[in-house]
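One-letter residues, chain by chain:
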Amino acid sequence: MDKPERYRTVKQEGVKEIVIKKSRFLGHVMPVQTEEEAIVFIERIKKQHWNATHNCSAYLIGSRGEIQRQSDDGEPSGTAGKPILEVIKNQQLQDVAIVVTRYFGGIMLGAGGLIRAYTDGAVAAIEAGEAITRILHQEVAVELDYTWLGKVENELRNRGIRTAETDFTDKVIVNCLPVASEAEAFKAWITDVTQGQSVITEGEQRYFIEAAF
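The rules we used
- Residues numbered from 1 in each chain as written.
- Predicted model: local features only at pLDDT ≥ 70, side-chain atom pairs only at ≥ 80, totals over all residues.
- Heavy atoms only, no water.
- Helix = DSSP H or I, 4+ residues; strand = E, 2+ residues; numbered from the N terminus.
- Rg over C-alpha atoms; globule rule 2.2 N^0.38 Å.
- Buried < 20%, exposed > 50% of the residue type's maximum accessible area, 1.4 Å probe, protein only.
- Contact = heavy atoms within 4.5 Å.
- Areas by Shrake-Rupley, 256 points an atom, 1.4 Å probe, with all protein chains shown as cover.
- Lys, Arg positive; Asp, Glu negative; His and termini not counted.
- Charge placed at Lys NZ, Arg CZ, Asp CG, Glu CD.
- Pairing = 2+ DSSP bridges.
- Axes fitted to C-alpha atoms, helices over the stretch in contact; angles between N-to-C directions.
- Phe/Tyr/Trp six-rings, centres within 6.5 Å; stacked < 30°, edge-to-face > 60°.
- Lys NZ or Arg CZ within 6 Å of the ring centre and 35° of its normal.
- Salt bridge = Lys/Arg side-chain N within 4 Å of Asp/Glu carboxyl O.
- Core = buried A, V, L, I, M, F, W, Y, C linked by side-chain atoms within 4.5 Å.
- Arc of directions from axis to C-beta.

## Concerning the overall build of the chain
Secondary structure assignment for the chain yields 5 helices and 10 strands. Scaling as 2.2 N^0.38, a compact globule of 213 residues should have a C-alpha radius of gyration of about 17 Å, whereas the chain reaches 23 Å, well beyond that. Overall, the chain is about 75 × 30 × 25 Å in size when its C-alpha atoms are taken along their principal axes. The 213 residues of the chain split such that 43% are buried. The contacts of the chain with a sequence gap of at least 6 include a subset with a gap of at least 24, amounting to 72%. Accessible area of the chain: about 11,300 Å², with a carbon and sulfur share of 49%. A gap of 9 Å separates the mean positions of the 25 positive and 31 negative side-chain charges of the chain.

Listed below in structure tokens is the structure:
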């Protein structure tokens, strides 16, 4: 299956607490690549908060939301897991698992109150995990003579092309990382810059966090 050019997820595991009518809600979030990772994360949080009233959860994996699961964990049906999943969808996130832990504070919230509370808990979790956009890049190794290095580095800098390490042997290999969808145009451009005096080799594709300007 083709990789999406870009997608939104969370940068890191995070947790944030909110208090609603004396009940404590802890929103936990984790970036995950597989359903197994999501399940392990959820079980870890449930074990960590074994004495909580509820540990409600949801996760969504895949560029088309191929895997979606939710759990109310004892709360009235549809008042916890579904709202958490809806937050993930509304924020257009993927490869994310969220657990909202509740410690009951003695005041009943009612169905509407629970939906709002678990929605807010999920939002808090995502804030803690920091929503980001990942963009697919193509590794392109450009091998050239040392005499071209200064010009090529300057041109790459002016064009804002991401680069990895540069290898120095009898030739110079500048490892470039253009956005994958622009790789063909990049190769044509670098060939022109070096007047055809470079050897270009494609490597793997990798995701990087979208740069902030």
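The discussion continues.
## Describing the sheet that holds strand β6 (residues 96-103)
If you walk across this open sheet you meet the 5 strands as β2-β3-β6-β4-β5, and the pairing is antiparallel. The sheet is open, and its two edges are formed by β2 (14-20) and β5 (67-71), each paired on a single side. Adjacent strand axes in the sheet meet at a mean angle of 15°, parallel and antiparallel pairs treated alike. The strands touched by helix α1 (residues 35-48) are β3 (23-31), β4 (54-61), β5 and β6; relative to β4, the strand with the most contacts, the crossing angle is about 165°. Running over the sheet, helix α2 (residues 81-90) touches β4, β5 and β6 and is turned about 35° from β4.

## Quick look at the packing of aromatic side chains
Any aromatic ring pair is given by two values, namely how distant the centres are and how the planes are angled relative to each other. Per the stated rule, a full pass over the model turns up 4 aromatic pairs. Centroid distance phenylalanine 25 to tyrosine 118: 5.3 Å. Interplanar angle 90°. Geometry classified as edge-to-face. Residue phenylalanine 25 is found in strand β3, and its partner tyrosine 118 is found in helix α3 (residues 110-129); the two are separated by 93 residues along the sequence. Phenylalanine 25 gets classed as buried once you look at its relative accessible area, which sits at 0%. Residue tyrosine 118 is classed as buried on the basis of its relative accessible area of 0%. Positioned over the ring face of tyrosine 103 is arginine 24, at 4.9 Å from the centre of the ring. The ring of tryptophan 189 is capped by arginine 159, whose NZ or CZ atom sits 4.4 Å from the centre of that ring.

## Examining the pattern of salt bridges
Throughout the structure, instances matching the rule amount to 11 salt bridges. Between lysine 16 and glutamate 127 there is a salt bridge; the shortest N-O distance is 2.7 Å. One end of the pair, lysine 16, is in strand β2; the other, glutamate 127, is in helix α3, with 111 residues separating them in the sequence. The partly exposed category is assigned to glutamate 127, whose relative accessible area is 48%. Its salt-bridge partner being lysine 151, residue glutamate 155 comes within 3.7 Å of it at the nearest N-O pair. Residue glutamate 155 and its partner lysine 151 are located together in helix α4 (residues 149-159), separated by 4 residues, close to a single helical turn.

## A word on the nonpolar core
With 24 residues, the main nonpolar core has Phe25, Ile84, Ile88, Val96, Ile98 and Tyr118 as its most contacted residues. Broken down by secondary-structure element, the contributors of at least two residues to this core are β3, β4, α2, β6 and α3. By residue number, the principal contributor to this core is α3, which donates 7 residues. Setting aside its immediate chain neighbours within four residues, tyrosine 118 contacts Phe25, His54, Cys56, Glu75, Thr79, Ala80, Ile84, Val100 and Arg102. Of all hydrophobic cores here, the second largest spans 15 residues; its members include Leu149, Cys176, Phe186 and Trp189.

## Here's the deal with unusual backbone geometry
Positive phi values are uncommon outside glycine, yet lysine 21 reaches one of about 50°. Looking at where lysine 21 falls in the secondary structure, it is placed in the loop between β2 and β3. Phi at glutamate 130 takes a positive value of approximately 65°, unusual for a residue other than glycine. Here glutamate 130 is to be found in the loop between α3 and β7 (131-144).

## Description of helix α5 (residues 183-193)
For α5, the set of buried residues is Ala183, Phe186, Lys187, Trp189, Ile190 and Val193. Seen along its axis, α5 keeps its buried residues to an arc of 165°; they face one direction. Facing away from the buried side of α5 by more than 90 degrees, the exposed set consists of Glu184 and Asp192. Note on α5: the residue one or two positions beyond its end, glutamine 195, has a positive phi of about 55°.

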